[in-house]
Protein chains: 2
Amino acid sequence: MSSHISALQQARLGYTPKLPKALRGGSVGVEFGAATAPASHQEEIQALFPLTYGQPLVTITAGGNLPAGPLKVGVVLSGGQAPGGHNVIAGLFDALKAANPDTRLYGFLKGPGGVIKGKYQELTAEIIDAYRNTGGFNMIMSGRDKIEKPADLAACKANLEAMGLDGLVIIGGDDSNTNAAVLAEYLQREGCKTRVIGVPKTIDGDMKNDYIEASFGFDTAARTYAELIGNICRDAQSAVKYWHFVRLMGRAASHVALECALQTQPNITLISEEIQAKGITLGEIVDGIVQIIVDRAAAGRNYGILLVPEGLPEFISDIKTMIEELSTILGTEEEYLRGLADHSERVQYLESQLGDHSARVYGSLPADIQEVLLRRDSHGNVPLSQVETERLLIDLVSDKLRLLQSHGQAEAVKFSPLGHFFGYEGRCAYPSNFDADYCYSLGYAAAQLVRAGVTGYTANVRNLTRNSDEWLAGGVPVTMMLNMEMRKGKPTPVIKKALVELDSEPFKFFAANRESWGVEDAYIFPGPIQYFGPAAVCDAPTVTLALEKGVKVQA
Amino acid sequence: MSSHISALQQARLGYTPKLPKALRGGSVGVEFGAATAPASHQEEIQALFPLTYGQPLVTITAGGNLPAGPLKVGVVLSGGQAPGGHNVIAGLFDALKAANPDTRLYGFLKGPGGVIKGKYQELTAEIIDAYRNTGGFNMIMSGRDKIEKPADLAACKANLEAMGLDGLVIIGGDDSNTNAAVLAEYLQREGCKTRVIGVPKTIDGDMKNDYIEASFGFDTAARTYAELIGNICRDAQSAVKYWHFVRLMGRAASHVALECALQTQPNITLISEEIQAKGITLGEIVDGIVQIIVDRAAAGRNYGILLVPEGLPEFISDIKTMIEELSTILGTEEEYLRGLADHSERVQYLESQLGDHSARVYGSLPADIQEVLLRRDSHGNVPLSQVETERLLIDLVSDKLRLLQSHGQAEAVKFSPLGHFFGYEGRCAYPSNFDADYCYSLGYAAAQLVRAGVTGYTANVRNLTRNSDEWLAGGVPVTMMLNMEMRKGKPTPVIKKALVELDSEPFKFFAANRESWGVEDAYIFPGPIQYFGPAAVCDAPTVTLALEKGVKVQA
């Protein structure tokens, strides 16, 4: 550790996150709603979760009478970092200690693997206080192990019983919350007293539904990327000579790219879900980009900004088909391909084996990407995620422009492209006031759910576009959010990933305005996240959330 | 333009920049010091600048009696963007209008080319007000033309006389301020009344000396990069599996990399000037990096952060020699090389022509960089600046680690590298409070110098580490900062570029602490620039400036 901390960290250690009104008082209770059921596959899910199926929604109320404890509670971080994770733990800690100073909180180390292995440390005020309102997951680290296999479930039970834990809070995304439900069901069946509560985390923004308005971290990560994109828009408009192609982290869903587009209004934003829904091919994407570049050049603007979500390639129909064909060929001919003398022989062979259109798609790719796709990962998958999509698009767009110009077209275009990837810059940023408050409230809510003795729930906080006075905290049964999907060849219960819906308000707003953002400059410069200024600057929710909740937004 | 602006932009439009005490009152004067002389080449410089040589330092004082005008003044932005440029113009405008509401300010468009071509627009309050405290140079744009050739000087004079300008303020870096002196001397010789005043701008931080404490924009750009680097440090420490190699914009000088290192304390920072001074070879740099990676792995830390300044390659002795040899070969054999069948034939031929060590250096480079170096630019130069140094280092370090591991060494190392380049993200950021205040004060000072009738000066504001009450504004004769350097084969007067000095306090502080930042984690997380919070968070100068001015800094 460094011998000192930054001035901002020092100032943020003293920030007191806002809580929903019901959570502020000394005494709280819970109210149970009617029984719940998942939207589909009710029978299969009930068969898999006989004990935790159909549980009611829970609302936390002021002035109730939950048991005070003392309790023993564990907490674990699962999966990729998201701003605000430390505040969930701080909220959990403060709520538990407020109910009973003798309650103890234990942090499992390095993710779910720590629960399996029984690696943990007690979290004291001294530890917690050093991490309040900071980014990162480095207080107790995270990991990507999954508690799924029978032996792992049994190991967890043994560790939880040995520790005498009353509750375990799992902070993670859709898969981790699904695992929380599996563990909750298992522990209850085995007669273990430990209740399991999930907390919705992911910068991707793809864990949301009627009961979970947002996953934490999305706000801060998207704002951090939007700061940089806005700065680059201003730079493009000042330098008037570069086209910036920006790839954004966010696995499958395009929420991050969409939110950044709404915050900054760049010239082009590709939304994977739309491209998939409309069956748009790679060639059509390139043509669409080229058209805007040509139109802007005709208007004297040889510069611009394009956003592309990292998950794009697998949403493009002909790329997907080509990858499937390639996988089949690699499955039998990988050795033969490796034996070929050089790159051009490999390409020649593959083009002879792929279908006509796939051969053309593969042939159109830059050589380095052609080679990357031949290196299958340890699961035998073609490593599509390693494709630097911004560079792929730059290459294809450059080719197309050269072709046009060789025919005397697009003569006004001077195309100087620059590629960027933003991801690691935002996952561990200091949480925005929104995420700091939301996470602290989620942790506080999770504590009340543990005290209330419920299990198999994800903590939630709703009404997020309103003042925190009106926020409502509670819990939603995980089984209610499940559906059955094929995973590794068999039907598996999972929380449905929330992709960008084309009939959602955020997408419709984007679609209605994007044409005017294309040829004209309509850039907005959000600037860096602010923690201390006017509320309009510091405390606004994401544009996505505002539009989803019917708040009026200006284009 | 967009129909709305961001909440931060709205809030910042209302920010009133701080001014030195002497500039706040209604009436100001100037005090002249003793005659000045450059540190070297006095005779040559005097011969070139007979009229503006030896002018005295100027200090602006409260309560003087400068002529009120009305005046006509022009302003132009020269070279790359730097945060705060709009505030220089706003300060200039406000100071001129405060002295006489009938004074007019004209902005030349798209840089010095606008002065040559006579392209300008009047800057009114309505225009200025929309750009207060914003980033970018998009109010009047910038350009890289130079006013040097006799025909260009004559064209400028004709335009300035036609407009009846009393003064011209040139906002630019070392070259632009040199050009300001050339133009000042020329106009005075020609009997043209237009006075020329420069303003020190560059995010690179390499225009500074005894009279200019900092170039504007350095503070904001370095802070923006440090925000991202700090976030990545936190991510590295949370994910515990990636080594991040970060290349930073900043042409020749390493000030940006050094400042970012001082703000974030990453594991490795390469300082070009040290590498040149010590004659460190590429192989030695790689070995040094590998050693820290191995040591960290042995301590259980298979992650880290390395900073590398963009200008590094030309400071490495054996790269420089290899490039010189390569240039000579390309000068005569470029056609022959192009005719060779493929990459490996080109490499084979070049290795046969280069000296032994250069052949080895060239042969060690990744294939794509070998090819990049063969594409000479329009001036016949080998395009070293197009080398993505972070990728080069990742490649060479990976090779070296593989070699060690094939010999059973470095077995604890798991090296998963990720490359980043930060540059365009910071050039057009909203200026920090420091840059907003400093730039506004520089513009205000430039206005007083024009009113005072002096020419061939660079505006300056000193005592920057103190409260703005104690800031001192004035002007320094450009001729005093000149020395003679070889440019395009002939001795030319230029302002000496300030590189990182190995006996400077910032470098000594870094050198004294870097070992403890290498194997241990001593990361500091500065977070995003803040505009509204506590002074310690919002208003501190750079660590570089603090150390240069003897302010105590903690490691």
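Here the structure is a predicted model, which is why all the values come from computation and not from measurement.

Basis of the calculations
- Residues numbered from 1 in each chain as written.
- Chains lettered and ligands numbered in written order.
- Predicted model: local features only at pLDDT ≥ 70, side-chain atom pairs only at ≥ 80, totals over all residues.
- Heavy atoms only, no water.
- Helix = DSSP H or I, 4+ residues; strand = E, 2+ residues; numbered from the N terminus.
- Rg over C-alpha atoms; globule rule 2.2 N^0.38 Å.
- Buried < 20%, exposed > 50% of the residue type's maximum accessible area, 1.4 Å probe, protein only.
- Contact = heavy atoms within 4.5 Å.
- Areas by Shrake-Rupley, 256 points an atom, 1.4 Å probe, with all protein chains shown as cover.
- Lys, Arg positive; Asp, Glu negative; His and termini not counted.
- Charge placed at Lys NZ, Arg CZ, Asp CG, Glu CD.
- 1 Å grid on protein atoms, 1.4 Å probe; cavity = no way out; pocket = protein on both sides within 12 Å on 5 of 7 lines; lining within 4 Å.
- Points joined across faces, edges and corners; volume = space filled by probe spheres on them.
- Nonpolar A, V, L, I, M, F, W, Y, C, P; charged D, E, K, R; others polar.
- Domains from an automatic or database assignment.
- Buried area = accessible area lost by both parts, 1.4 Å probe.
- Salt bridge = Lys/Arg side-chain N within 4 Å of Asp/Glu carboxyl O.
- Polar contact = N/O pair within 3.5 Å; in protein donor to acceptor, adjacent residues only side chain to side chain.
- Phe/Tyr/Trp six-rings, centres within 6.5 Å; stacked < 30°, edge-to-face > 60°.
- Expected span 1.5 Å × (residues − 1).
- Bend = angle between axes of the 7 residues up to and from the residue.
- Disulfide = S-S within 2.5 Å.
- Axes fitted to C-alpha atoms, helices over the stretch in contact; angles between N-to-C directions.
- Parallel < 35°, antiparallel > 145°, perpendicular 65-115°, else oblique.
- Left-handed = near helix turned anticlockwise from the far one by under 90°.
- Least-squares fit on C-alpha atoms with pLDDT ≥ 70 in both.
- Pairing = 2+ DSSP bridges.

Asks: What should I look at first to understand the overall build of chain A in this one?
Replies: Helix and strand counts for chain A stand at 22 helices and 15 strands. The C-alpha atoms of chain A give 25 Å as radius of gyration, which agrees with the globular expectation for 555 residues (24 Å, within 12%). Considering chain A as a whole, with its 555 residues, one finds that 61% of them fall into the buried category. Counted over contacts in chain A with a minimum sequence separation of 6, partners at least 24 positions apart contribute 78%. Total accessible area on chain A stands at roughly 20,700 Å², and carbon and sulfur atoms take up 50% of it. Charge centroids of chain A, computed over 51 positive and 64 negative side chains, lie 6 Å from each other.

Asks: Explain empty space enclosed by the protein here, please?
Replies: A probe as big as a water molecule, rolled over the atoms, marks out the empty space that is left. All names here are of chain A. Inspection of every chain in the model, using the stated rule, returns seven cavities of 30 Å³ or more. Taken as a whole, the largest cavity holds about 60 Å³ of empty space. Lining of the largest cavity is provided by Gly-205, Lys-208, Glu-213, Ala-214, Ser-215, Phe-218, Thr-542, Thr-544, Leu-545 and Glu-548. The element contributing the most residues to the lining of the largest cavity is helix 22 (residues 543-548), with three residues. Residues of the lining of the largest cavity, tallied by class, amount to three nonpolar, four polar and three charged. Residue-level mapping places the lining of the largest cavity at the junction of two domains, with at least three residues from each of domain 1 (34-217 + 431-487) and domain 2 (219-426 + 504-548).

Asks: Could you clarify how one ought to interpret the interface of chain B and chain A in this entry?
Replies: Interface size, as often reported, equals the accessible area lost upon joining of the parts. At the junction of the two partners, chain B supplies 63 residues and chain A supplies 64 residues. Where chain B abuts chain A, roughly 4,900 Å² becomes buried across the two surfaces, and 54% of that area is made up of carbon and sulfur atoms. Of all residues in chain B, B:His4, B:Arg234 and B:Tyr424 bury the most surface against chain A, accounting for 14% of the area lost on that side. For the pair chain B and chain A, the interface holds four salt bridges. Residue A:Arg391 is joined to B:Glu388 by a salt bridge in which the shortest nitrogen-to-oxygen separation is 3.3 Å. Counting across the chain B and chain A interface gives 30 residue pairs in polar contact (both at pLDDT 80 or more). Secondary structure elements with two or more residues in the side of chain B that touches chain A: helix 1 (7-13), helix 9 (218-239), strand 11 (417-422) and helix 21 (535-538) of chain B. With ten residues, helix 9 of chain B is the largest single contributor of residues to the side of chain B that touches chain A. Class assignment of the residues belonging to the side of chain B that touches chain A gives a composition of 32 nonpolar, 21 polar and ten charged.

Asks: Hey, could you run me through the packing of aromatic side chains in this one?
Replies: The way to describe two aromatic rings as a pair is by their centre distance and the angle between their planes. Overall, the coordinates contain 26 aromatic pairs over all chains when judged by the stated rule. With a centroid separation of 5.5 Å and an interplanar angle of 65°, the aromatic rings of A:Tyr242 and B:Tyr424 are classed as edge-to-face. On the criterion of chain membership, the pair formed by A:Tyr242 in the loop between helix 9 (218-239) and strand 8 (243-248) and B:Tyr424 in the loop between strand 11 and helix 18 (433-452) is interchain, its members lying in two chains. Across the pair, B:Tyr424 and A:Tyr242 agree in class, each one buried. With 6.4 Å between their ring centres and 65° between their planes, A:Phe434 and A:Trp471 make a pair best called edge-to-face. With A:Phe434 in helix 18 (residues 433-452) and A:Trp471 in the loop between strand 12 (457-462) and strand 13 (472-477), the pair connects residues that are 37 residues apart, well separated along the chain. Using a relative accessible area of 6% as the deciding quantity, one classes A:Trp471 as buried. An aromatic cluster of three or more residues is present, and its members are A:Tyr106, A:Phe108 and A:Tyr120.

Asks: For this particular structure, what's the right way to read the pattern of salt bridges?
Replies: Between side chains of opposite charge, a pair can form when the charged atoms approach closely. Residue and element names in this part refer to chain B. By the definition in use, this model includes 65 salt bridges over all chains. Between Asp-399 and Arg-402 there is a salt bridge, with the nearest N and O atoms lying 2.7 Å from each other. Highlighted residues: Asp-399 and Arg-402, both in helix 17 (residues 389-406), separated by three residues, approximately one helical turn. The exposure class of Arg-402 is exposed, given its relative accessible area of 52%.

Asks: Whenever I open this one, helix 20 (residues 505-518) of chain A confuses me. Can you help?
Replies: Since there are 3.6 residues in each turn of an α-helix, residues three or four apart along the chain are aligned in direction. Residues and elements named next belong to chain A. Relative to the 20 Å expected for 14 residues at 1.5 Å per residue, helix 20 spans 20 Å between its end C-alpha atoms, a close match to the ideal helical length. The largest bend along helix 20 measures about 35° and falls at Ala-512. Inspection of helix 20 places Pro-506, Phe-507, Phe-509, Phe-510, Asn-513, Trp-517 and Gly-518 among the buried residues, and these make up the whole buried set. For helix 20, the secondary structure elements touched by its buried residues are helix 10 (255-264), strand 9 (268-269), helix 11 (272-277), helix 12 (282-298) and helix 22.

Asks: Help me understand the side chain of B:Asp521 in this model?
Replies: Residues and elements named next belong to chain B. Within the fold, Asp-521 resides in the loop between helix 20 (505-518) and helix 21. One polar contact links Asp-521 to Arg-296, side chain to side chain, over a distance of 2.7 Å. Among the polar contacts listed, one links the side chain of Asp-521 to the side chain of Tyr-303, at a separation of 2.5 Å.

Asks: Would you take a moment to explain the state of the cysteines for this structure?
Replies: One way to say it: the disulfide is the covalent bond shared by the sulfur atoms of two cysteines. Residues and elements named next belong to chain A. One pass over the full model with this rule turns up zero disulfides over all chains. Between Cys-156, a free cysteine, and Cys-192, which holds the nearest cysteine sulfur, the sulfur-to-sulfur gap is 10.0 Å. A relative accessible area of 0% places Cys-156 in the buried class. Lacking any disulfide linkage, Cys-439 is separated from the closest cysteine sulfur, that of Cys-428, by 13 Å. Look at Cys-439 and you get buried, because its relative accessible area is 0%.

Asks: Mind showing me how you'd approach the packing of helix 9 of chain A against helix 10 of chain A here?
Replies: Helices that pack against each other are described as a pair by the angle of their axes relative to one another and the distance between those axes. Residues and elements named next belong to chain A. Across the interface, helix 9 lies against helix 10 with an axial gap of 9 Å and an inter-helix angle of 50°. It follows from the interaxial angle that helix 9 and helix 10 lie oblique. For the pair helix 9 and helix 10, the crossing hand works out as right-handed. Along the contact surface, helix 9 presents Phe-218, Ala-222, Arg-223, Tyr-225, Ala-226, Ile-229, Gly-230 and Cys-233, while helix 10 presents His-255, Val-256, Glu-259, Cys-260, Gln-263 and Thr-264.

Asks: Would you mind going over the relation of the copies chain B and chain A with me for this structure?
Replies: What connects the two chain copies is a rotation about an axis and a shift along it. Each copy of the sequence occupies a distinct position, and chain B is placed on chain A by a rotation of 180° and an axial shift of 0.0 Å, giving an RMSD of 0.1 Å. Given the turn and translation reported, the copies of this chain are related as if by a two-fold rotation axis. Taken together, the interface assignments show that 100% of the residues at the interface of chain B recur at the interface of chain A, consistent with an identical surface on both copies.

Asks: When you look at the sheet that holds strand 6 (residues 167-172) of chain B in this model, what are you seeing that I'm missing?
Replies: One key point about sheets: their strands pair by backbone hydrogen bonds, in either a parallel or an antiparallel sense. Residue and element names in this part refer to chain B. The nine strands are arranged 1-2-13-12-7-6-3-4-5 in an open sheet whose pairing can be described as mixed. Each edge of the sheet is formed by a strand with only one pairing partner; in this case those strands are strand 1 (28-35) and strand 5 (120-122). In this sheet, adjacent strand axes meet at a mean angle of 25° when their direction is disregarded. With respect to the sheet, helix 4 (residues 85-99) is in contact with strand 3 (72-77), strand 4 (104-108), strand 6 and strand 7 (195-200), its orientation differing from that of strand 3 by roughly 175°. Strand contacts of helix 8 (residues 174-189): strand 6, strand 7 and strand 12 (457-462), with the helix running at about 170° to strand 7, the strand carrying the most contacts.

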